Amino acid sequence: MSTPVTESAPIPARPLPASYRSTKVRRQRVRAAWLFLAPMLVTLAMVAGWPLLRTFYFSFTDASLSDMSDTLFIGLENYLVYDDGRWFGVLADPIWWRAVWNTVYFSVVSVSLEVVFGVIVALVLNAEFKGRTLVRAAVLIPWAIPTIVSAQMWAWMLNDQFGIINHLLMAFGIIASPIAWTADANYSMWAVIMVDVWKTTPFVALLVLAALQMLPKDCYEAAEVDGIHPVKVFFRVTLPLITPALMVAVIFRLLDALRVFDVIYVLTSNSTSTMSMSIYARQQLVEFQDVGYGSAASTLLFLIIALATIAYLYLGRKQLQLGGD
Amino acid sequence: MTSRQLSKFAARAGFWLLVALIVVIAVFPFYYAIKTSFTPSSDLFRVELWPTRATLANYVQIFSQRSFLQAIFNSVLVATSVVFIALLLGITASYALGRVRFRGRTSVLLIILGVSMFPQVAVLSGLFEVIRALNLYNNPGGLILSYTIFTLPFTVWVLTTFMRQLPLELEEAAIMDGATPWVTITKVFLPLMWPAMATTGLLAFIAAWNEFLFALTFTLTDSQRTVPVAIALLSGGSAYELPWAPIMAASVVVTVPLVVLVIIFQRRIVSGLTAGAVKG
């Protein structure tokens, strides 16, 4: 599922007015605040902070899944090492670079499509018409379906022999012979993108719809009075006004897409033509039992996502403005 | 008809065509899964829009598999426990973050935001070690623990947004009456937070119900699996011959409750998903 969107974090606290801030009450409240935060922070440290540090550490060792305690520190060998006239390590593995390229390609294409379709669906849902609630409920269905299930549903519809998609395309004469959507390297990435777009466009649409419903009505009335073409109104008025919401939707979708795993795992398994970074790392870690090497790939994935986030926030000039203090 | 009326008519027709297209694309795959689930396996080679011979055999088959029932039980157990833990830890944390001004608040919010953006694979090996150390490998407990990594941050975040919107006067009155922060939360805020908690709880439930990577990695045997893993690993006699009809029946069984929930609570869900995005 996509994480709910959190606009560049402007949640200022709502403190009591000064008159109530007698030192005793204030001190009691601050102490209570930390006490209340403690269980959450401890849990996050246990499931996120510590494991992340351990992953970084493992990436410099030769740990294996069967025995993670007896490990040898081997420096950067999992990343890159020159041995006997050849380069080894994740960074020298063409399959890793293929996975990086696949992930980036998948993320850029699917998020772009989701934004375009999401805006179109949001504009439709924003119009007043009979049965709008029903249409909105219908649009939510793909979002409600578990990723695994939607991948299986599409795998069946895309089945090369009995799939309805090949059947329809052939019935309309668009293709002459059945396409092996998930097995053929030329099409499998598109199959994955199609399923992802189908599944997550509703999320983008809902966010854009929420932004659309907050737009001031008067500029539209003014535009209508002036007889400006609706398409022009959209690009000149609507789009600039919903850009902040779009930026938020894009960053959340992008972060989700860069760590994509389930949909690819179910649709095309470990095929290199669609292998994502997450699939590569997990394959090394679990199937090949090489925790050190897999952790090195995981660490690189973490760094790539962190860099992408920073670059996006910088380019979008969306500063994190955490309110309060 | 004047040309003006004609173009207006064309615009309306185009609009309804678009609406129809959106609905068909959104609903058809789910409809087709339902249709397939009622089709006898022997009829699958015929591509048709509705089953000529409907059967319940696929449902009988999956429900007679002990491992599938066990997977549903595991999923319910894991998702409910995760929701309970996330709400419990989230409500107190959101009081601290939403109502109290203290030093370090910004850092805590940043940490939460950072964790919610984490790629799950990045913690996989470290978490594997933690889970094995706690003796929770191949056990729903391990999944409950690991799922807090994605449910907790957003529960805290959304609840904080809601907590902020409650009126100041309530808290002032409570403090005047000498209520401690704990009493303020349980007696004053909790009754008002139920709608927000229902929304966040529902979203956390869906997230936990759908999770795949951890469930696949941290469980080993059929009896400990959750539904998504069970469905992904359902296989037939050979690798080339997947039992599509039973797979679709299982998919429908685990999806229908979610779809019903989402449609009933669609307003709530929309407000939960967009909380912070526009209200912030």
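This one's a predicted model, so the numbers in the text were calculated from it and none came from an experiment.

> Would you take a moment to explain the overall build of chain A for this structure?
The secondary structure content of chain A amounts to 11 helices and two strands. Taken from N to C terminus, the helices and strands of chain A fall in the order α-β-β-α-α-α-α-α-α-α-α-α-α. The C-alpha extent of chain A, read off along each of the three principal axes, is 80 × 75 × 35 Å. Positive and negative side-chain charges in chain A, numbering 22 and 22 respectively, have mean positions lying 17 Å apart.

> Before we go on, may I ask you to explain the UniProt feature "transmembrane region" (unreviewed entry) in chain B in this structure?
Under the local residue numbering, the UniProt record ascribes the feature "transmembrane region" (unreviewed entry) to residues 12-34, 72-96, 108-131, 143-163, 184-209 and 244-265 of chain B. For residues 72-96 of chain B, the helix share is 100%, the strand share is 0%, and the end-to-end C-alpha distance is 36 Å.

> Where do I start with the nonpolar core in this structure?
Nonpolar side chains tend toward joint burial in soluble globular proteins. Ranked by size, the top nonpolar core spans 199 residues in total, and within it Met40(A), Trp143(A), Tyr147(B), Ile149(B), Met193(B) and Phe214(B) carry the most contacts. The greatest single-element share of this core, amounting to 16 residues, is contributed by helix α6 (residues 185-212) of chain A. Counting contributing residues, this core receives three or more from each of domain 1 (3-57) and domain 2 (67-274) of chain B. Apart from residues no more than four positions distant in its own chain, Tyr147(B) is found in contact with Val78(B), Val82(B), Ala208(B), Glu211(B), Phe214(B) and Ala215(B).

> I'm lost on the side chain of Ser75(B) in this one. Help?
Residues and elements named next belong to chain B. The topology assignment puts Ser75 in helix α3 (residues 66-99). Only 2.9 Å separates the side chain of Ser75 from the backbone nitrogen of Val227, close enough to count as a polar contact. Discounting chain neighbours no more than four positions away, the residues touching Ser75 are Trp209, Thr226, Val227 and Pro228.

> Would you explain the UniProt feature "transmembrane region" (unreviewed entry) in chain A in this entry?
Residue and element names in this part refer to chain A. The UniProt record annotates "transmembrane region" (unreviewed entry) at residues 32-53, 104-125, 137-158, 190-213, 233-255 and 293-315. Spanning residues 32-53, this segment combines 100% helix with 0% strand, and its end C-alpha atoms are found 29 Å apart. Segment residues 233-255 splits into 100% helix and 0% strand. End C-alpha atoms: 31 Å apart.

> So what exactly am I meant to see when it comes to the interface of chain A and chain B here?
Where interface size is quoted, it is often the accessible area lost as the parts come together. Contacts between the two partners involve 105 residues from chain A and, on the opposite side, 114 residues from chain B. Across the chain A to chain B interface the summed buried area is about 10,200 Å²; carbon plus sulfur atoms make up 76%. There are one salt bridge connecting chain A and chain B. Put simply, Arg54(A) and Glu129(B) hold a salt bridge, and the shortest N to O gap is 2.6 Å. Remark: the boundary between chain A and chain B carries 12 residue pairs in polar contact (both at pLDDT 80 or more). Among the elements that make up the side of chain A that touches chain B, the one with the highest residue count is helix α1 (residues 23-58) of chain A (24 residues). Residues of the side of chain A that touches chain B, tallied by class, amount to 77 nonpolar, 17 polar and 11 charged.

> How should I be thinking about the packing of helix α3 (residues 132-144) of chain A against helix α12 (residues 266-274) of chain B in this particular structure?
Between two packed helices, what matters for the description is the angle formed by their axes and the separation of those axes. As a packed pair, α3(A) and α12(B) sit with axes 11 Å apart at the nearest point and diverge in direction by 60°. Overall, the two elements α3(A) and α12(B) adopt an arrangement that is oblique. Handedness of the α3(A)/α12(B) crossing: left-handed. Contacts from Thr133(A), Arg136(A), Ala137(A), Leu140(A) and Trp143(A) in α3(A) reach Gln266(B), Arg267(B), Ile269(B) and Leu273(B) in α12(B). Residues belonging to the contact of α3(A) with α12(B) are distributed by class as follows: five nonpolar, two polar and two charged.

Conventions used here
Residues numbered from 1 in each chain as written. Chains lettered and ligands numbered in written order. Predicted model: local features only at pLDDT ≥ 70, side-chain atom pairs only at ≥ 80, totals over all residues. Heavy atoms only, no water. Helix = DSSP H or I, 4+ residues; strand = E, 2+ residues; numbered from the N terminus. Lys, Arg positive; Asp, Glu negative; His and termini not counted. Charge placed at Lys NZ, Arg CZ, Asp CG, Glu CD. UniProt positions renumbered as here; feature names shortened; annotations may be inferred. Core = buried A, V, L, I, M, F, W, Y, C linked by side-chain atoms within 4.5 Å. Buried < 20%, exposed > 50% of the residue type's maximum accessible area, 1.4 Å probe, protein only. Domains from an automatic or database assignment. Contact = heavy atoms within 4.5 Å. Polar contact = N/O pair within 3.5 Å; in protein donor to acceptor, adjacent residues only side chain to side chain. Buried area = accessible area lost by both parts, 1.4 Å probe. Salt bridge = Lys/Arg side-chain N within 4 Å of Asp/Glu carboxyl O. Nonpolar A, V, L, I, M, F, W, Y, C, P; charged D, E, K, R; others polar. Axes fitted to C-alpha atoms, helices over the stretch in contact; angles between N-to-C directions. Parallel < 35°, antiparallel > 145°, perpendicular 65-115°, else oblique. Left-handed = near helix turned anticlockwise from the far one by under 90°.

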